Amino acid sequence: MSDSHGNDGDPDAGKDFYDLVPAMGVTWNTPPSFNLDPSSPAVGQTSSDVADSGPIHFEAATVRATENTLLAQSRNAVSDYEWLRGQVDHAAHGQFWGPPHTASTISSGQDSASITPNPGGGSPAPAPDSQDKDDQNTLADIGDEFARHINPAMQKALAMQSNALELLGDYIAMINAAGQSYAHVDKAAGFPEPPGPVTH
């Protein structure tokens, strides 16, 4: 529907959001070892104040198994995303939502029903019936108008999916950093000296 100013209420109509739809992949074949020191944060403030956490129970094998499970699921999700991204690209940048517009009739001094373009060579194809051409052009117009709305919507939906996959990757990296942080603290920990001589 259009308003009195000719706008159809869809601010994205006719736009191409292909630049918002990245190619994605999973860079870790296996998660980095917990024995490596965690990466330093790129941004943020550090503090020397450490909250008392109480006893920490950390099962490295369970954390690593969970991390590997999430990595496998993310690979499946990225594979599905890449397949869908190809389908959307084909639809958005190809002739998908309707037939092509009919070609103009070639005139060579004969009447308008004489010949039409024949890219395959040989004898010219007979001109299509005028009503058939009108019908095809009407369907092509409907397809073009539908594509103006559905293509940007599909691309924006893919962009949101890529954001969700990126967040999943960040979460997996955070789990790995937690394991590395625990291992770093564990290796740096030491027992305090006894407060005095032990007597019986």
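An account of the accompanying structure is given in this report. (Residues numbered from 1 in each chain as written. Predicted model: local features only at pLDDT ≥ 70, side-chain atom pairs only at ≥ 80, totals over all residues. Heavy atoms only, no water.)

Quick notes on the pattern of salt bridges
Here the structure, examined in full by the defined rule, presents four salt bridges. The salt bridge partner of glutamate 145 is arginine 148, with a shortest N-O separation of 3.1 Å. Here the residue glutamate 145 and the residue arginine 148 both occupy positions in helix α2 (residues 130-188), the gap between them amounting to three residues, near one helical turn. By relative accessible area, which is 32% here, arginine 148 ends up partly exposed. (Salt bridge = Lys/Arg side-chain N within 4 Å of Asp/Glu carboxyl O. Helix = DSSP H or I, 4+ residues; strand = E, 2+ residues; numbered from the N terminus. Buried < 20%, exposed > 50% of the residue type's maximum accessible area, 1.4 Å probe, protein only.)

So, helix α1 (residues 60-92)
With 33 residues, α1 extends 46 Å between its outermost C-alpha atoms, agreeing within 8% with the 48 Å of an ideal straight helix rising 1.5 Å per residue. Looking at α1, one finds that the buried residues are Glu67, Leu70, Leu71, Ser74, Val78, Tyr81, Arg85, Val88, Ala91 and Ala92. Considering only its buried residues, α1 is in contact with α2. (Expected span 1.5 Å × (residues − 1). Contact = heavy atoms within 4.5 Å.)

Some thoughts on empty space enclosed by the protein
For the structure on display, the rule yields one cavity of 30 Å³ or more. Taken as a whole, the largest cavity holds about 30 Å³ of empty space. Tyr18, Val21, Arg85, Val88, Asp89, Gln155 and Leu158 together form the lining of the largest cavity. Counting only elements with at least two residues in the lining of the largest cavity, the list comes to α1 and α2. The dominant element in the lining of the largest cavity, judged by the number of residues it contributes, is α1, at three residues. Grouping the constituent residues of the lining of the largest cavity by class yields four nonpolar, one polar and two charged. (1 Å grid on protein atoms, 1.4 Å probe; cavity = no way out; pocket = protein on both sides within 12 Å on 5 of 7 lines; lining within 4 Å. Points joined across faces, edges and corners; volume = space filled by probe spheres on them. Nonpolar A, V, L, I, M, F, W, Y, C, P; charged D, E, K, R; others polar.)

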